[in-house]
Each structure stands twice: as structure tokens, then as C-alpha cells.
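These are the residues of each chain, in order.
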Amino acid sequence: MPSLFRRFRLPATAVLLATGLGGCLTTPGPTVSGDGRCDASQLQWAVGQPGDEANMRRLSRESGAGLVNPIGPATIVTQDIRQDRLRVFLDAHNIITAVRCE
């Protein structure tokens, strides 16, 4: 192994970093129950609630969305529409002001 470092002149940290990142490539992504399509029709209970982790998890579970996107007052968003995304709009005090599938 020391001859490898001398031959290619790679620092040991580069080799360790490369081998460590290799494990990240095989990590599976999040699982989505159902078809991943978002349905916000039953989520109006969240308006006025805090945008904490428990409420975000509940919104994710109840919406069926594959992606929950919290939007703060200064967040710039794109106008693209995704059927699997739930956008949760938050005010400056982290209170949910709207939930929409977009």
C-alpha cells in the first residue's frame, strides 16, 4: 500500500475520503408509500400550526407526497409543477400559512 501512495502521489486523506464516499453511493433513497402523488385536500388542519418536525412528518404521511418542501418568507421558488411535491408555506415565526401540492 505505501508504494501506491508514492507511485500515484496521492495523500492518504484523499484515498480515505474516496473510499468513504463510495459507501454513500449505494445508500437507498427515501421510500414513498402509495404512488407518490400529492393530495392536499385533507391537510388544512395544518394552517396555523407550527412548522416543526412532527407536523412536517405528519403532512408528508397524510399527503402521500414524495417530497415536502418548506417555504419560508424569503425563499425563492420555481414555478414548475410536480405531482409528487407538497409545498408548506411558513411565516417569519415558523407558523404554517398554507399547504399546496405544486
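This text goes with the structure placed above it.
Below or above, wherever it landed, is the structure these notes cover. Since we're looking at a predicted model, the values are computed, not measured.

Scoring rules and cut-offs
- Residues numbered from 1 in each chain as written.
- Predicted model: local features only at pLDDT ≥ 70, side-chain atom pairs only at ≥ 80, totals over all residues.
- Heavy atoms only, no water.
- Helix = DSSP H or I, 4+ residues; strand = E, 2+ residues; numbered from the N terminus.
- Buried < 20%, exposed > 50% of the residue type's maximum accessible area, 1.4 Å probe, protein only.
- Contact = heavy atoms within 4.5 Å.
- Arc of directions from axis to C-beta.
- Phe/Tyr/Trp six-rings, centres within 6.5 Å; stacked < 30°, edge-to-face > 60°.
- Lys NZ or Arg CZ within 6 Å of the ring centre and 35° of its normal.
- Disulfide = S-S within 2.5 Å.
- Pairing = 2+ DSSP bridges.
- Axes fitted to C-alpha atoms, helices over the stretch in contact; angles between N-to-C directions.
- Core = buried A, V, L, I, M, F, W, Y, C linked by side-chain atoms within 4.5 Å.

Turning our eyes to something else, we now look at the overall build of the chain. Looking only at helices and strands, the chain has three helices and three strands in total. Evaluated residue by residue, the chain yields a buried proportion of 24% over its 102 residues. The long-range share in the chain, meaning contacts at least 24 apart out of those at least 6 apart in sequence, stands at 42%.

This next bit is on helix H3 (residues 53-63). Turning to H3, its buried residues number three or more, namely Asn55, Met56, Leu59 and Ser63. Buried positions in H3, seen along its axis, are confined to an arc of 100° and lie on one side of it. Opposite the buried face of H3, at more than 90 degrees from it, the exposed residues are Glu53, Ala54, Arg57 and Arg61. As for H3, its buried residues are in contact with strand E1 (67-71), strand E2 (85-90) and strand E3 (96-101). Looking one or two residues beyond H3, the residue adopting positive phi is glycine 64, at roughly 80°.

Okay, the packing of aromatic side chains next. A complete count under the given rule lists zero aromatic pairs for this structure. Here the basic side chain of arginine 58 rests over the ring of tryptophan 45, its NZ or CZ set 3.7 Å away from the ring centre.

A covalent bond bridging the sulfur atoms of two cysteines is what the word disulfide describes. In total, this model carries one disulfide according to the counting rule given. Linked covalently through their sulfurs, cysteine 38 and cysteine 101 form a disulfide whose S-S length is 1.9 Å. Judged by the torsion about the S-S bond (-65°), the cysteine 38/cysteine 101 disulfide is left-handed. With cysteine 38 in the loop between helix H2 (12-24) and H3 and cysteine 101 in strand E3, this pair connects stretches of sequence that are 63 residues apart.

Ordered in space as E1-E2-E3, the three strands form an open sheet in which the pairing is mixed. The strands lining the two open edges of the sheet, one partner per strand, are E1 and E3. Averaged over all neighbouring strand pairs, the angle between strand axes comes to 20°, with direction disregarded. In terms of strand pairing, E2 meets E3 through five bridges, oriented antiparallel. Residue leucine 90 lies in a different strand from E3, and its bridge partner there is isoleucine 96.

Once that is clear, we can look at the nonpolar core. With 12 residues, the main nonpolar core is built from Cys38, Ala40, Leu43, Ala46, Met56, Leu59, Ala65, Leu86, Val88, Leu90, Ile96 and Val99. Of all the secondary-structure elements, those providing two or more residues to this core are H3, E2 and E3. Of all the elements, E2 adds the most residues to this core, at three residues. Ignoring anything within four residues of it in the chain, the contact list for leucine 86 reads Cys38, Ala40, Leu43, Leu59, Ser63, Ala65, Leu67, Val68, Asn69, Val99, Arg100 and Cys101.

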